[in-house]
Amino acid sequence: MNPWLQHLPSLPIVVPLAAGAAMLLVGESRRAPRMVLALVATLVQLAAAITLLCLTTDSVPGIWPEGIGVYAIGGWPAPFGIVLVVDRLSALMITLNAALALPVLVYSFARWDRLGVHYHALLQFLLMGLNGAFLTGDLFNLFVFFEVLLAASYALLVHGGGTPRVKAALHFIVVNLAASFAFLIGVAMIYGAVGTLNMADIADRWPALQGGDRGIAEAGLAILGIAFLVKAGSWPLNFWLPAAYAAAGAPVAAVFSITTKVGVYAILRMASLLEDPVAPFGGPWLFYGAIATMVFGIVGILAARQLPRLIAFTVILSAGTLLAAIGLGAPGMIAPALFYLLGSVLATGAFFMLTGMTERMRTAVPETADSAAAQPATYEAFSVGEPPDLHAADDEVGVAIPAALAFLGLAFVCCALLVTGLPPLAGFIAKLALLSATFDVLSVGGAHPRAWLLIGALLAGGLAGLIALSRIGMRLFWSVTGRTTPRLRIIEAGPVAFLVLLCIALTVAAGPTMTYLDSAARTLREPQTYIRAVLPDARQPVP
Amino acid sequence: MEIVFALAIGVLTASGTWLLLRPRTFQVIMGLALLSYAVNLFIFGMGRLVIDKPSIIGADNATDPALYADPVPQALVLTAIVIGFGTTALFLVVLLALRGLTGTDHVDGHEDDA
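Bear in mind that the values here come from a model prediction, so they are computed numbers and not experimental data.

Conventions used here
Residues numbered from 1 in each chain as written. Chains lettered and ligands numbered in written order. Predicted model: local features only at pLDDT ≥ 70, side-chain atom pairs only at ≥ 80, totals over all residues. Helix = DSSP H or I, 4+ residues; strand = E, 2+ residues; numbered from the N terminus. Rg over C-alpha atoms; globule rule 2.2 N^0.38 Å. Buried ≥ 20, exposed ≤ 12 C-beta atoms within 10 Å, placed from the backbone. Expected span 1.5 Å × (residues − 1). Contact = placed C-beta atoms within 7 Å. Core = buried A, V, L, I, M, F, W, Y, C linked by C-beta atoms within 7 Å. Axes fitted to C-alpha atoms, helices over the stretch in contact; angles between N-to-C directions. Parallel < 35°, antiparallel > 145°, perpendicular 65-115°, else oblique. Left-handed = near helix turned anticlockwise from the far one by under 90°. Nonpolar A, V, L, I, M, F, W, Y, C, P; charged D, E, K, R; others polar. Arc of directions from axis to C-beta. pLDDT = per-residue confidence, 0-100. Pairing = 2+ DSSP bridges.

Topic: the overall build of chain B
Looking only at helices and strands, chain B has three helices and zero strands in total. When its helices and strands are written in sequence order, chain B yields α-α-α. Rg of the C-alpha trace for chain B: 20 Å, well past the compact-globule value of 13 Å for 114 residues, more than 25% over. Considering only C-alpha atoms, chain B reaches an extent of 70 × 25 × 15 Å along its principal axes.

Set out below in structure tokens:
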């Protein structure tokens, strides 16, 4: 193995950190160097993520046994130092992250990055937090990366200014700070009882815990689960989510569609590692909470009157679907759930960016009015000179694409099909796989009212999405009063098209993708492989 | 010592939670600050409370862990303090921005008419 290749797992964290820090040194008035830096950093992350994805497949044998790569930061061995662990699930998540970040970045070049200061640096820090949370093998380090991504997301949420954003951000920050305190309490209790923070080490020692230590560790794990569920947007801990996502700027909301999935990832990771975990990681609590989340999402979708708010509720619905699939506790559900995760993150990302363009078509003077009002204060406060004239910026440069309205309509239909899970796109395959896996659970035997509940909620979610989206679509595209055809620039339309094409590629390549996801789910089913990869001299499983 | 420590954490948590649920942004930020003190003390307490013991293992001494204080919670609490401090400062900025934009210090940006 190439000696440089072994440092590859640290790249998705180091590159955005270095790029973001370097951008702070470049003056705010010099836009081109920061754009180049951001683009290069994101491309490097995408390349590193894809390489990691390839290394974890079975096609490259010998480098990482069982597809699990361990990188000890600073060379300190596992239980003492912090390790980064790349398994198939982590590699998948960071690839998804980079694949979403690239179009979001290009989209924001159009005008979003000029609405405030330090947009690109904050975006890189957000990516760093996400990548770190997906890669780390240490519970406290997971907390640190959660905080990195949250701190960046607080600042990105108010990017562009305006009362609705600041108000939503205030609630968002309070809820997430309280959740972070719960996270810390959970971590401290687990450390106090188990005596380690390394996830593999915790999983290794978990079955041997007895008496009072067991009680404290289980209570700590439950509190930790509450914190994860807040981030994942599970009912009744998700009332902050619709307002925050609907208020955020289009590219920010698009990248937020993956931040809730960090909570889902953390729950899946801990649930798969621990033997016989407590609620909410195991047992019926996660499942019923997830069904309630889906119902909340369905009601919200039907009630929402603005497109961004509706999409925010589809984010809740998808989080509920994922948690319900995990909570059902059947091994066959994980791979379809991961496929659903891929499709839903890409689709909601594209959808949020699309709203940034459809907003402009309803009124002649779009949200630039709001941003222009808020902008001078920001620019004055940071004393970065004259704010750029946004009205001029909208007219100038960039190649406008022809048939803008046709493009918007087509993209809207594709996104609606993806989100509701109708044929022929990836959303349908994901839902079909989830349903067929649920029927497998039913056929294996045992009375499973839970499986029927999941089937009902899945179908109801699709129906509600269809009703609400066709209603909003008709109002947007067919009611012609006071509509202006917006000028769409290629760098705005391109990213949406890219994400939709990615979803179509996912549909075409569903077979190979499912094979990979099946192997990812197999790794998750065998926590001993993970534990022995991190701690080579771990306790052998008791037969 | 344990009783006093536990009481301190309990009082801080209770006051913090109560303040967090109040409608004024200033009360909320005070609540967050008190909660973060409670959490930091809690993390510290999870390393077991000991007095007059070093947290760094000397080369000459025996390696009996009972002779030392647990250094890990001390490192964790340092990280937690820094992060809590940073995010609370960020919250302060958002709080002031909302005050400036809406002219009220209610968390919802408008007074309750009830």
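Remarks on the overall build of chain A
For chain A, the helix and strand inventory stands at 21 helices and two strands. By the burial criterion, 57% of the 543 residues in chain A qualify as buried.

Let's talk about helix 11 (residues 284-303) of chain A
Three or four residues apart is the spacing at which side chains of an α-helix point the same way, because the helix has 3.6 residues per turn. Taking 1.5 Å of rise per residue, the 20 residues of helix 11 of chain A would be expected to cover 28 Å, and the 29 Å separating its terminal C-alpha atoms lies within 8% of that figure. In this structure, the buried side of helix 11 of chain A is in contact with helix 9 (241-247), helix 12 (307-327) and helix 18 (449-477) of chain A.

A closer look at the nonpolar core
All names here are of chain A. In terms of nonpolar packing, the biggest core is built from 227 residues, with V187, I190, L338 and C415 touching the most fellow members. With 21 residues, helix 6 (residues 163-194) is the largest single contributor of residues to this core. Not counting the four nearest positions on each side in its chain, L338 is found in contact with L92, L517, A520 and A521.

Some remarks on the packing of helix 11 of chain A against helix 18 of chain A
Residue and element names in this part refer to chain A. Relative to each other, helix 11 and helix 18 sit at 15°, their axes nearing to 9 Å. By the angle between their axes, helix 11 is roughly parallel relative to helix 18. In this structure, helix 11 crosses over helix 18, and the sense of that crossing is left-handed. Here F287, I291, M294, V295, G297, I298, I301 and L302 of helix 11 come into contact with helix 18, specifically with R450, L453, A457, A460, G461, A464, G465, I467 and A468. Across the contact of helix 11 with helix 18, the residue classes break down as 13 nonpolar, three polar and one charged.

Topic: the interface of chain A and chain B
Facing the 22 residues of chain A at the interface are 27 residues of chain B. Secondary-structure elements contributing two or more residues to the side of chain A that touches chain B are helix 5 (139-157) and helix 6 of chain A. Of the residues contributing to the side of chain A that touches chain B, the split by class is 18 nonpolar, two polar and two charged.

Some remarks on unusual backbone geometry
For residues that are not glycine, phi is negative in most cases, and the peptide bond is trans in most cases. The peptide bond linking W235(A) to P236(A) adopts the cis configuration, its omega dihedral lying at 0°. By secondary structure assignment, the location of P236(A) is in the loop between helix 8 (211-232) and helix 9. The residue R48(B) is not glycine, and still its phi comes out positive at about 70°. Tracing the backbone shows R48(B) in the loop between helix 2 (25-45) and helix 3 (71-102). You can call R48(B) exposed: it has 11 C-beta atoms within 10 Å.

Focus on helix 20 (residues 510-525) of chain A
Residues and elements named next belong to chain A. The end-to-end C-alpha separation of helix 20 is 22 Å, in line with the 22 Å expected for 16 residues at 1.5 Å each. Listed in full, the buried residues belonging to helix 20 are T513, Y516, L517, A520, A521, T523 and L524. Around the axis of helix 20, the buried residues are gathered within 155° of arc, so they sit on the same side. The exposed residues of helix 20 that point more than 90 degrees off its buried face are G511, P512 and R525.

Digging into the environment of G75(A)
Residues and elements named next belong to chain A. Mapped onto the elements, G75 comes out in the loop between strand 1 (69-72) and strand 2 (83-86). Given 7 C-beta atoms within 10 Å, G75 falls into the exposed group. Counting along the chain gives 190 residues from G75 to Y265, while the straight-line C-alpha distance between them is 26 Å.

Regarding the environment of H106(B)
Residues and elements named next belong to chain B. As for its placement among the helices and strands, H106 is situated in the segment after helix 3. Look at H106 and you get partly exposed, because 15 C-beta atoms sit within 10 Å. The sequence separation of H106 and L95 amounts to 11 residues, and the corresponding C-alpha distance is 9.8 Å. Each residue touching H106, except ones within four places of it in the same chain, is listed here: P23, R24 and E111.

Thoughts on the confidence of the model for chain A
All names here are of chain A. For chain A, per-residue confidence averages 82 on the pLDDT scale, and residues scoring 70 or more make up 88% of the total. By mean pLDDT, the top-scoring element of chain A is helix 4 (residues 119-135) (92), and the lowest-scoring one is helix 14 (residues 368-381) (43). In the predicted structure, residues 364-397 sits below a pLDDT of 50 and forms 37 contacts with residues beyond four places in sequence or in another chain.

Looking at the environment of A69(B)
Residues and elements named next belong to chain B. Inspection of the secondary structure assignment puts A69 in the loop between helix 2 and helix 3. A C-alpha to C-alpha distance of 8.0 Å links A69 and I56, two positions 13 residues apart in sequence. Excluding residues within four positions of it along the chain, A69 makes contact with G47, V50, K53, P54 and S55.

As for the pairing of strand 2 of chain A
Residue and element names in this part refer to chain A. Side-chain alternation along strand 2 places V83 and V85 on one buried face and L84 and V86 on a second face that is also buried. As defined by bridge partners, strand 1 adjoins strand 2 across four bridges and the pair is classed as antiparallel. Pairing of V70 across the sheet is with V85, part of strand 2.

So, the confidence of the model for chain B
All names here are of chain B. The pLDDT averaged across chain B works out to 85; a share of 94% of its residues lies at or above 70. For chain B, helix 3 is the element with the lowest average pLDDT, namely 88, and helix 1 (residues 2-20) is the one with the highest, namely 93. As a predicted assembly, this complex carries a pTM of 0.88 together with an ipTM value of 0.92.

Re the packing of helix 2 of chain B against helix 3 of chain B
Helix packing geometry: the angle between the two helix axes and the distance between the axes. Residue and element names in this part refer to chain B. Running from N to C, helix 2 and helix 3 point in directions that differ by 175°, and their axes come no closer than 9 Å. Judged by the angle between their axes, helix 2 and helix 3 are roughly antiparallel. Note on element contacts: helix 3 touches helix 2 through P73, L76, V77, A80, I81, G84, T88, F91, L92, L95 and L98, opposite T25, I29, L32, A33, S36, V39, N40, I43 and F44. The residue makeup of the contact of helix 2 with helix 3, split by class, is 15 nonpolar, five polar and no charged.

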